[in-house]
Amino acid sequence: MTQMTFARAINSGLRRSLDNDPKVILMGEDIGTLGGVFRVTDGLQKDFGKHRVVDTPLAESGIVGTAVGLAYRGYRPVVEIQFDGFVYPAFDQIVSQVAKMHYRSRGTVKMPITIRIPFGGGIGSPEHHSESPEAYFAHTAGLRVVTPASPQDAHTMIQQAIACDDPVVFFEPKRRYHDKGEVDEALDPNSAPPMGQARVVTDGADVTLVAYGPLVKTARDAASAAADEGVSVEVIDLRSLAPVDFATVEASVRKTGRLVVTHEAGQSGGLGAEVAASITERCFYHLEAAPVRVTGFDVPYPYSKVEMHHLPSLDRILDGVDRALGRPNSLSGLEG
């Protein structure tokens, strides 16, 4: 086991994939000589060459379009979108071509493309650098959408995504890039939990708290704080946003009877709504209270000086737990 940052764990996973398969190619803006703006690809071009780690022009649609052609020829391109808000010029390529090629060709054409997107806020960046666009892609049939929350998952899931014959949108929580954790670099990705499987990270009995990506750490902190008040919170890391492992969430909610879902993206049309609706359908007679969503607000991403008021915090998540339990909360006296 090695102690390493989240970013270094992805770098190690990319390195292992490049080593294991000569058809793996990395593409993106400034990923070679610079090593990426977050240095996630640092050193890879030096070790594998400019033909394997390619610095591209600033043209997201062209980058993804080139990846489609490479996939046609049997390669496994790994595309980096420099920031979440820069993905929209490539949106048409991703949802109209990448997501549909396999279906349109009746299975004869595979699209083993991995699209890496640093996402979310909390780093004080300007506009278009702190967005959470995951729902757009989770809504698109034909795409797998995943996001790791720990260095170990980052290391294994990037390898699983690259090896997958389906296109995978791989969201990386950028404010966790410097978080450290134990990583078993020798772990075989085939023996690790599949990337489509949710994980119970904290056992509990009173409330199920579902999170993913950057908020898993905050959710675990909330569970620890709630325990000081005698409340047992079970935290689930979704890991996969499309498809969602509803079975794991369902089993937890059947035990606890209460559900809180949190994410940084705005509330309307977010993943929290899908999880809440699907679990209500599956667990209606087990629920002791209506599901609660703790999310970002339905506004354009705010200026960096006030972004922490927008992002779900420890206190806001604990308030959501209080709402689910029917305890005094920020909406007491306002509902009904």
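Everything discussed here concerns the structure shown above.
Caption draft 1: Representation of unusual backbone geometry in the model. Going from A242 to P243, the amide bond is cis rather than trans, its omega being 0°. Relative to the helices and strands, P243 resides in the loop between β12 (240–242) and α9 (246–256). For R106, which is not a glycine, the phi torsion comes out positive at approximately 55°. Tracing the backbone through its elements, the reader meets R106 in the loop between α5 (101–104) and β5 (114–119). In the Ramachandran plot, H128 falls in the positive-phi region, its phi being about 75° despite a non-glycine side chain. Its place among the elements puts H128 in the loop between β5 and α6 (134–138). For H128, a relative accessible area of 39% puts it in the partly exposed group.

Caption draft 2: Representation of the sheet that holds strand β7 (residues 168–173). The seven strands are arranged β3-β2-β4-β5-β7-β6-β12 in an open sheet whose pairing can be described as mixed. The strands lining the two open edges of the sheet, one partner per strand, are β3 (53–55) and β12. Between one strand and the next, the sheet's axes are offset by a mean angle of 20°, whatever the strand orientation. Sheet contacts for helix α3 (residues 60–72): β2 (24–28) and β4 (76–80); angle to β4, the most-contacted strand, approximately 170°. Here helix α7 (residues 151–163) sits on the sheet and contacts β2, β4, β5, β6 (144–146) and β7; the angle it forms with β7, its principal contact strand, is near 160°.

Caption draft 3: Summary view of the packing of aromatic side chains. By the definition in use, this model includes 10 aromatic pairs. Summarising the aromatic geometry, the rings of Y88 and Y136 are spaced 6.1 Å apart at their centres and angled 85° between planes, so their arrangement reads as edge-to-face. Note that Y88 is positioned in the loop between β4 and α4 (91–98) and Y136 in helix α6, a separation of 48 residues in sequence. Pairing F284 with Y285 gives two aromatic rings, centres 5.2 Å apart and planes at 90°, and the pair type is edge-to-face. Linked through ring pairs, Y88, F91, F119, Y136, F137 and F171 together constitute an aromatic cluster. Positioned above the aromatic ring of Y75, the side-chain terminus of K23 is 4.3 Å from the ring centre.

Rules used throughout
- Note that residues are indexed from 1 along each chain, following the sequence as it is written.
- With pLDDT at 70 or above as the cut-off, local features in this predicted model cover only qualifying residues; side-chain atom pairs require 80 or more to be listed or tallied, and sums for whole chains, interfaces and linings still use all residues.
- In computing side-chain values, all of the structure's heavy atoms are included and hydrogens and water are not.
- A run of H or I in DSSP counts as a helix once it spans at least four residues, and a run of E counts as a strand once it spans at least two, with each numbered from the N terminus.
- Buried means the residue's accessible area, taken with a 1.4 Å probe over protein chains only, is under 20% of the maximum for its type, while exposed means over 50%, and partly exposed covers the values in between.
- Paired strands are those between which DSSP finds at least two bridges.
- An axis is simply a line fitted to the C-alpha atoms; with a helix, the fit covers only the stretch in contact. Between two such axes, the angle follows the N-to-C directions and lies from 0 to 180 degrees.
- A contact between two residues is defined here by any heavy atoms of the two lying within 4.5 Å.
- Only the six-membered ring of Trp is used, alongside the rings of Phe and Tyr, when aromatic pairs are assigned; centres must lie within 6.5 Å, and planes under 30 degrees apart are stacked while those over 60 apart are edge-to-face, with the rest tilted.
- In our convention, an over-ring charge means Lys NZ or Arg CZ found within 6 Å of a ring centre and within 35 degrees of that ring's normal.

All quantities given are derived from atomic positions and should not be read as evidence of function.
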